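Next come the chains, spelled out residue by residue.
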Amino acid sequence: MDGNASGEHSDNVDWDTDDEQEIQNFPVSSCSSSRQLGAEAIVGSAEASSLTGSSHSKLIDHFVGMGFPEKMVRKAIEENGEGNTESILETLLTYSALENSPQQQEPVNFDHSSSEYDETFVDDFSDSDSFSGNAENTDPLLDTGKTMLFLTNMGYTVEEASMAMAKCGPNASIDELTDFICAAQMATSYASLQDLPEEIKPKLEHIPSGSGTQKRKYFESEFWESKKQKGYETMKMNGDDETIRIPKPMVGYGVPRGQGLIFNTRSLPEAAIGPPYFYYENVAQTPKGVWDTIKRFLYDIEPEFVDSKYFCAAARKRGYIHNLPICNRFPLLPLPPDTINEVFPLTKRWWPKWDTRTKLNCLQTSVATASLTEKIRKALEGGDGEPSLEKQKHILDLCRKWNLVWVGKNKVAPLEPDEVEMLLGFPKNHTRGGGISRTDRYKSLGNSFQVDTVAYHLSVLKDLYPGGVNVLSLFSGIGGAEVALHRLGIPLKNVVSVEKCEVNRNIVKSWWDQTNQKGNLIEFADVQRVNANELGPLVHAFGGFDLIIGGSPCNNLAGSNRVSRDGLEGKESALFYDYFRILDLVKRIME
């Protein structure tokens, strides 16, 4: 992302690489609001109480009430300050662990030298496999502070943990506490499902209660939220400096127009064999190691790298990790126009010989300004005969960068939104109307799937699910996956769409109504808040999901829309971990 909104300076632009560019003035809409974990709630409580004159004593009383000695509490507050209650709690737990350790034969030295034990203790505690769901644990924790920290690290709120501890008693095991919370959450989820379609509600009555171990499986995946950063750092230590080789030509396991070989088989790890089938997409060009990290989380499946220029007249270099079959694929018919002149035949009359483009670059989220196109016209009309080679190169670079087409003598213009829709495989006026501005149309289209490319990969589902599919669509955008399945003739029985941008949700809802879909469309706004409360009852009501599809934001990976190049550590692109978290959660529920 060059940050040049006008596009008037094109020097030193590499047009041959990293061309899946969107302009940073219009960042990818994403579900970036953070979950408020229990420890944060404690911090909020402490900060609110600090407004009173007795904030210090109230904070001491708070931790003394949790069972910690007053002297220890005062020392922890002195080390961490009153505003960081989470650090105070972890320090107190460290002190308690050292005091209770059999190897501890001398008084605890309450100074900063003890902090080296803090990370190890908390990591060992939170990663304990005693709560993996494979065996019941009956040993109660040593004190309420440790219990509270463990439950909040699992993703439960302080209110849920406190209520469970009050109802189950001070000696209750983690199993008993999580069973209580799970039961309460399930009851809450039933109460919140009254707005579902009537044909779904009767199925909800048959959700099995199961044992405590089974119920906890609904919620274990929430623990990924607190572990994802640790997982990234671990992978980085294990040689994540290498990058996956991106093939040339970028045709994956085959494309319908005949370029490259078409594969019929591939080997998948046993854990990845569907259903549910999953399909994950992101930009091909990323910082080193990102695709390796994504691959490791998604069952070590090799990405299928495909450029949509083999499907249409515009490039879009993407990587797809999926567990779909790769034989018996078929394209959408009729095949879309393959070159710029086929898409826009009226431009051929005005196309100069020195503009050798036959394909457009990746379609962006914004367009060139009128002042830029006017400067190009004046530059061409100001000379005699053909422009100089230097001027030709400069103008051609701008045309490539902004996907400008020739609409008259010496006149270039950006693509109109309906032209972008056509190139990306969407129906005409898909993003038009309903109060949606031109700016929002470009933004939404620039962040979408190329429908023909995705449909070619999803076409194998038609024979597998002749009666239709249940789809969990994450980061839905303007519904590229739904449009692809519909155009393939695969009925959409139930679609759960998760998309933060209200404009995009309105586009999908409008398309759903206009195409007279017979199934159910259920929408959620924030991918980070989608958990077992919402998905558990739906999985049982539908009989499971057949396809989990989505592409998380690339703002911290590559392209001219990037706000940083922090990789999967970045705020936006870290949402990949929510894709995996939800995929893992659904697989566990379906098991």
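Coordinates for the structure precede this section.
Residues numbered from 1 in each chain as written. Predicted model: local features only at pLDDT ≥ 70, side-chain atom pairs only at ≥ 80, totals over all residues. Heavy atoms only, no water.

S.K.: Residue-level account of the packing of aromatic side chains, with values.
M.R.: Across all of its chains, the model carries 13 aromatic pairs by this definition. Ring centres 5.1 Å apart and planes at 75 degrees place the aromatic pair phenylalanine 297 and tyrosine 577 in the edge-to-face group. Remark: tyrosine 577 occurs in helix α23 (residues 576-590) and phenylalanine 297 occurs in helix α12 (residues 290-297); sequence separation between them is 280 residues. Overall, phenylalanine 297 belongs to the buried group, its relative accessible area being 6%. Three or more aromatic residues joined by ring pairs form one cluster here, namely Tyr280, Phe297, Phe576, Tyr577, Tyr579 and Phe580. (Phe/Tyr/Trp six-rings, centres within 6.5 Å; stacked < 30°, edge-to-face > 60°. Helix = DSSP H or I, 4+ residues; strand = E, 2+ residues; numbered from the N terminus. Buried < 20%, exposed > 50% of the residue type's maximum accessible area, 1.4 Å probe, protein only.)

S.K.: Requested: an account of α23, with residues and values cited.
M.R.: For α23, which comprises 15 residues, the first-to-last C-alpha distance of 21 Å matches the rise-based estimate of 21 Å (1.5 Å per residue) to within 8%. Here α23 lies mainly inside the structure; 13 of its 15 residues are buried. (Expected span 1.5 Å × (residues − 1).)

S.K.: Give a detailed account of the pairing of strand β1 (residues 277-283), specifying residues and quantitative values.
M.R.: With seven of seven residues buried, β1 is to be regarded as a mostly interior element. Pairing geometry for β1 and strand β9 (residues 547-550), over four bridges, is parallel. Its bridge partner being in β9, phenylalanine 278 is matched across the sheet by isoleucine 548. (Pairing = 2+ DSSP bridges.)

S.K.: How would you summarise the pattern of salt bridges if you had to cite specific residues and measurements?
M.R.: The tally for this structure, following the rule as stated, stands at 16 salt bridges. Here aspartate 578 and arginine 581 are joined by a salt bridge, their closest N and O atoms 3.0 Å apart. Of this pair, aspartate 578 and arginine 581 both sit in helix α23, separated by three residues, roughly a single helical turn. The class of arginine 581 is buried, set by a relative accessible area of 1%. Where salt bridges share partners, they join Asp292, Lys295 and Glu302 into one cluster. (Salt bridge = Lys/Arg side-chain N within 4 Å of Asp/Glu carboxyl O.)

S.K.: Any details on the sheet that holds β9? Residues and values, ideally.
M.R.: Read across the open sheet, the seven strands follow the order β2-β3-β1-β9-β6-β7-β8; overall the sheet is mixed. Each end of this open sheet is capped by a strand with a single partner; those strands are β2 (304-307) and β8 (520-524). Going from strand to strand, the sheet's axes swing by 20 degrees on average, the running direction of each strand aside. Taken together, the six bridges between strand β6 (residues 469-474) and strand β7 (residues 492-498) define a ladder with parallel strand orientation. By the bridge assignment, leucine 474 is partnered in β7 with valine 498. Lying over the sheet, α12 contacts β1, β2 and β3 (317-322), oriented at roughly 20 degrees with respect to β3. (Axes fitted to C-alpha atoms, helices over the stretch in contact; angles between N-to-C directions. Contact = heavy atoms within 4.5 Å.)

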